[in-house]
Amino acid sequence: ELHVAEQLKTMLQETLTLNDYIISGDTGKKGYFDFEYETVMRTLREIETSQSFCEGEKSYLANIKKNLPILKNKSEEVLKLADPSRKEFISPPVNLLIGDIDTISSTLVEAIETITSNIKDRMSKNNEVMDRTRILGVDIVIITTLLAIFLAVAIGLTLSRSITTPLRDLGTLARHVSKGDLTK
């Protein structure tokens, strides 16, 4: 998930950078922008069909998928309103569109940053759970080993006493018999 989100973040940043060039007057980058745009949209469609992202992240992805075409349309409006003979695209309607584009760009960046942050947080929590589980497993092995040793010692002492007590009694009887006491 994190790898896919990081790739999407990089592609989205590249798309937004190219868009900035275009609305700044460098219309030669439009083809690159269109390619990056299609790549991001295809990636978003692929992510929609995957089961790896949680619902909260999917809502942010849907937000990106909804807003990126709006950004593209507003950029195309800038190109239509701009005077191609000038290097800069400055006019009140263009400035309003550029303000909208900046707002949408901020929303897109915030969404992808939130997704990657959520994934990192979830991975961190999963790592903590795995660490606690590993420590618990080690604790269980140590306790089980100590219990097994204790049981082995207890069983060994019981067995040795059950063998040595009759032998001791037999030795005592043998000493009595050797002394001539046959009453025991």
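Each chain carries its own residue numbering, running from 1 in the direction its sequence is written. Restriction of local features to residues with pLDDT of at least 70 applies here, the model being predicted, together with a cutoff of 80 or more for giving and counting side-chain atom pairs; totals for whole chains, interfaces and linings are based on all residues. Just so you know, side-chain values use all the structure's heavy atoms and leave hydrogens and water out.

Undergrad: Please clarify how the overall build of the protein chain should be interpreted in this entry.
TA: Check the secondary structure of the protein chain and you find 4 helices and 0 strands. In summary, the protein chain has a C-alpha radius of gyration of 39 Å against a globular reference of 16 Å for 184 residues, an excess of more than 25%. Dimensions of the protein chain, computed from C-alpha atoms along their principal axes, come out at roughly 135 × 25 × 25 Å. Here the protein chain holds 184 residues, and 25% of them are scored as buried. Any two residues having at least one pair of non-hydrogen atoms within 4.5 Å are treated as being in contact. At a minimum sequence separation of 6, the contacts of the protein chain that also span at least 24 residues come to 72%. Secondary structure is summarised from DSSP: a helix means a run of H or I of at least four residues, a strand means a run of E of at least two, and numbering begins at the N terminus for each. The atom set for the radius of gyration is the C-alpha atoms, and the globule formula is 2.2 Å times the number of residues raised to the power 0.38. Burial classification: accessible surface area is computed with a 1.4 Å probe over protein chains only, and a residue below 20% of its type maximum counts as buried, one above 50% as exposed, and the rest as partly exposed.

Undergrad: How do you make sense of the packing of aromatic side chains when you look at a structure like this?
TA: For any two aromatic rings, the description comes down to two numbers: the centre-to-centre distance and the angle of the planes. Think of it this way: a Phe, Tyr or Trp ring, Trp meaning its six-membered ring, pairs with another when their centres are within 6.5 Å, and the plane angle makes it stacked under 30 degrees, edge-to-face over 60, tilted otherwise. Here the structure, examined in full by the defined rule, presents 1 aromatic pair. By definition here, charges over rings are those cases where NZ of Lys or CZ of Arg is within 6 Å of the ring centre and within 35 degrees of the ring normal. Lying over the aromatic face of Tyr21, Lys29 brings its terminal NZ or CZ to 5.1 Å of the ring centre.

Undergrad: Would you take a moment to explain helix 3 (residues 55-81) for this structure?
TA: The α-helix winds at 3.6 residues per turn, so residues separated by three or four positions along the chain end up facing the same way. A helix's residues, less one, multiplied by 1.5 Å, set its expected span. Taking 1.5 Å per residue, 27 residues should reach 39 Å; helix 3 reaches 39 Å between its end C-alpha atoms and fits that length. Taken together, the buried positions of helix 3 are occupied by Glu57, Lys58, Leu61, Ile64, Asn67, Leu68, Leu71, Lys72, Lys74, Ser75 and Val78. Against the buried residues of helix 3 lie helix 1 (2-23), helix 2 (30-49) and helix 4 (92-178).

Undergrad: Before we go on, may I ask you to explain the environment of Thr164 in this structure?
TA: Here Thr164 is to be found in helix 4. Of the residues examined, Thr164 reaches a relative accessible area of 30% and is grouped as partly exposed.

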